[in-house]
2 protein chains.
Amino acid sequence: MKFTLIKTDTNSKARIGEIYTSHGVIRTPIFMPVGTQGTVKAITQRVLDNEINAEIILSNTYHLYLRPGTEILEKAGGLHKFMNWNKPILTDSGGFQIYSLSELRKIKKDGVQFKSHLDGSMHYFTPQKVIEIQRSIGSDIMMPLDECTPYPCDFDYAKKSKELTSQWAVLNKKAFEDTKSLYGHDQYLFGIIQGSVYKELRESSAKDLVKLDFDGYSIGGLAVGEPTEEMYDIVDFTTDFIPENKPRYLMGVGRPENILEAIARGVDMFDCVMPTRNARNAYLFTSLGIVSMRNSAYKDDFSPLDPNCDCYTCKNFTKSYLRHLFNSKEILALELATIHNLTFYLNLVRESRKRIEDGTFTEWKNKFIKIISINLQTKKEN
Amino acid sequence: MKFTLIKTDTNSKARIGEIYTSHGVIRTPIFMPVGTQGTVKAITQRVLDNEINAEIILSNTYHLYLRPGTEILEKAGGLHKFMNWNKPILTDSGGFQIYSLSELRKIKKDGVQFKSHLDGSMHYFTPQKVIEIQRSIGSDIMMPLDECTPYPCDFDYAKKSKELTSQWAVLNKKAFEDTKSLYGHDQYLFGIIQGSVYKELRESSAKDLVKLDFDGYSIGGLAVGEPTEEMYDIVDFTTDFIPENKPRYLMGVGRPENILEAIARGVDMFDCVMPTRNARNAYLFTSLGIVSMRNSAYKDDFSPLDPNCDCYTCKNFTKSYLRHLFNSKEILALELATIHNLTFYLNLVRESRKRIEDGTFTEWKNKFIKIISINLQTKKEN
């Protein structure tokens, strides 16, 4: 996989780069909207493509495997065609969903047995199997099967788990090399660095994986409950062990401020359900702070949600109308809120790229984080 | 209100015309998508305006009165501004909702007392009150308070009810003349003809109202359970008593075939929750018949929902994908299905206008109804 590192910031480890895929170029740092089941919840593909200007989306191997299933995905010609999305797609390996959603999971030496959260049926994922599924999906960037440790996690368990993930990484890589794309476009494979909050384990995990020469490196097992400062510290520590010429992906992170701090620590790629899930719960991110759209303070507030945002929602509707839609449980509320929150996240990484380019990233980041972290309701009520 | 009757069909009572409002011209026959709470469920205003090309929408006085309430609507400058919809809006009077949604309704000589279905609070609607609320809403076309009889309904009750509606019509008209638009644009008032399935009462109701010279005439109290042929018969009978130079609106009707048959009997305007509500239940209207989108027959059907439709849904997605979205309870399913069903309904009235214009309406209608009424699942399974 071709990754061009364009510039590294002088005051931080922040970097801008470009990833080249068969479905187009991804400019980093980038945020990937989550499309769990082959749709980014509540919005159309054209809004995602033309307005939010998503450059890559994430979809979930676990969910797609259970529904619609690989048979239908293959008949459709892969996920891109199935969902009519022509830009890059990254898929996780399903590891995280097995740990978080399914019951009766049993981790064995060569894979994980689990029970579907949909119908209780039993399934078995191995490193080979998850590559096979991702070949059926046809994602541009695939993830290997790993074990994601919970937090807290004692050192001994984290060590054993990291070793299992490293062993599986070898098998993932081999399965990747032994198979090929079903639809004629390139597919790439990242490695996932584990090791919980233990630097010794993170270093050893990174070194194990770098030896295998993956197309990029994910940092997994963070944002699972550990203190934010500890997450930043581990991210900062871990990125030093990833070759400069490979993209770095911090899985499942996070709040806008987490993303900016992780960019400062050398991370290039992010995904999180936060902008989409929070949107559906009326929790909106704005350039002035956080807004709880159901709050009665907005019942007759006819100003736009975010005066500095040019998304469809902010250009066309008032807070009063948005509050009415949420209070009336209207579907349009979910759509308008999702458009805004994703625009906010994509603007965040676009602005970061611009700031890294012109050398003002750190200064801007420190100021901006203070503003956007304010909860406007709390402020109003106090 | 200016209504221009452009042409009446030679083989039927079908007509084409134009209604002029401050928010634009409405070409009839027309279907009005239902936007109960100030949003047509599941779609954005821009899709409704630019793609479905709705020329007018309907909203509900009862619902808007309860939420967001007239105070907020007035502060917003009326419903058009509140929801950012610049084309015409028609509002019903709330009469039908009082009978169908609220509990403890009590019909008195001068109005209706009812309990809110939202919070149980007590309210009282009079002819004057519903005009006042619709002044706050600012709808282009307002409806008077009426009593909508159930089906079956004995003659004596229907007669008394019709008389009450006629008495209220006088008060509605007076309240309309005694008040004026709050936002500077024109508002018009229709009369609602009642009388259940009794021709004698329908005739007398129509005559009572025509004497008062309303801007248009609605036929209410149909599509409440009576046999379809009886509905057609009453519609056919009633339209003869409405002056030719006034628009005729058949409230709450109906299925595509009902609309075409009512157009043939001289009706100009329609509204119904069917295209939007059915869309959300995966029940889709197509030029080849009715499709139940959850049906497993479509799991690997990669053809478009309707090959003859050029809506966003049909141009971009397959039945297999739509079925996946419905099965996975994804919000996008509701949006894509609503776009399609409303496009189908608006195409239906657009095609009717064209056919009336070129003199092929009856022939086309009879053929088309046979095709679109087929349930494709039943056909497949037999």
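Residues numbered from 1 in each chain as written. Chains lettered and ligands numbered in written order. Predicted model: local features only at pLDDT ≥ 70, side-chain atom pairs only at ≥ 80, totals over all residues. Heavy atoms only, no water.

- Going by an unreviewed UniProt entry, chain A carries the name Queuine tRNA-ribosyltransferase and comes from Stygiobacter electus.
- Turning to chain A, the UniProt record has this under Catalytic activity (unreviewed entry): "7-aminomethyl-7-carbaguanine + guanosine(34) in tRNA = 7-aminomethyl-7-carbaguanosine(34) in tRNA + guanine".
- Annotation of chain A in UniProt includes, under Pathway (unreviewed entry), the sentence "tRNA modification; tRNA-queuosine biosynthesis." (UniProt positions renumbered as here; feature names shortened; annotations may be inferred.)

### Quick look at the side chain of Lys162 of chain A
- Relative to the assigned elements, Lys162 of chain A resides in helix α7 (residues 155-178).
- When residues no more than four places from it in sequence are discounted, the contact partners of Lys162 of chain A are Gln194, Gly195, Leu201, Ser204, Ser205 and Asp208 of chain A. (Helix = DSSP H or I, 4+ residues; strand = E, 2+ residues; numbered from the N terminus. Contact = heavy atoms within 4.5 Å.)

### Here's the deal with helix α9 (residues 228-239) of chain A
Residues and elements named next belong to chain A.
- In this model α9 runs 17 Å from its N-terminal to its C-terminal C-alpha over 12 residues, within 8% of the 16 Å that 1.5 Å per residue would give.
- All of the buried residues in α9 are Met231, Tyr232, Ile234, Val235, Thr238 and Thr239. Buried positions in α9, seen along its axis, are confined to an arc of 165° and lie on one side of it.
- In this structure, the buried side of α9 is in contact with β11 (188-193), α8 (199-212), β12 (216-219), β13 (248-250) and α10 (256-264). (Expected span 1.5 Å × (residues − 1). Buried < 20%, exposed > 50% of the residue type's maximum accessible area, 1.4 Å probe, protein only. Arc of directions from axis to C-beta.)

### What to know about the layout of surface pockets
- Considered as a void within the structure, the largest pocket measures approximately 950 Å³ in volume.
- The wall of the largest pocket is formed by 45 residues, among which Phe96, Gln97, Asp271, Val273 and Arg277 of chain B lie closest to the centre.
- Elements with a minimum of two residues in the lining of the largest pocket: β5 (57-60), α5 (95-100), α9 (228-239) and α11 (274-280) of chain B.
- Within this model, the second largest pocket holds a volume of roughly 750 Å³.
- Along the wall of the second largest pocket there are 37 residues; nearest its centre are Asn60, Phe96, Gln97, Asp271 and Val273 of chain A.
- Contributions of two or more residues to the lining of the second largest pocket are made by β5 (57-60), α5 (95-100) and α11 (274-280) of chain A.
- The greatest single-element share of the lining of the second largest pocket, amounting to four residues, is contributed by α5 of chain A.
- Residues of the lining of the second largest pocket, tallied by class, amount to 15 nonpolar, 15 polar and seven charged. (1 Å grid on protein atoms, 1.4 Å probe; cavity = no way out; pocket = protein on both sides within 12 Å on 5 of 7 lines; lining within 4 Å. Points joined across faces, edges and corners; volume = space filled by probe spheres on them. Nonpolar A, V, L, I, M, F, W, Y, C, P; charged D, E, K, R; others polar.)

### Section: the pattern of salt bridges
- Applying the stated criterion to the full structure yields 46 salt bridges over all chains.
- In this structure, Lys41 of chain B and Glu330 of chain A form a salt bridge, with 2.6 Å as the shortest nitrogen-oxygen distance. You can see Lys41 of chain B sitting in the loop between β4 (30-32) and α1 (45-50) and its partner Glu330 of chain A sitting in the loop between α13 (319-327) and α14 (331-358), one on each of two chains.
- Asp213 of chain B is paired through a salt bridge with Lys246 of chain B; the nearest N and O atoms lie 3.1 Å apart. (Salt bridge = Lys/Arg side-chain N within 4 Å of Asp/Glu carboxyl O.)

### Quick notes on the pairing of strand β8 (residues 111-115) of chain B
Residues and elements named next belong to chain B.
- Sheet topology places strand β7 (residues 103-108) next to β8; four bridges connect them, and they run antiparallel. Directly across from Lys106, in β8, lies its bridge partner Gln113.
- In this antiparallel pair of consecutive strands, β7 and β8, the connection spans two residues.
- For β8 and strand β9 (residues 122-125), the ladder comprises four bridges, and the chain directions are antiparallel. The residue of β9 that forms the bridge with Val112 is Phe125.
- Adjacent in sequence and paired antiparallel, β8 and β9 are bridged by six residues, among which Gly120 carries a positive phi angle near 75°. (Pairing = 2+ DSSP bridges.)

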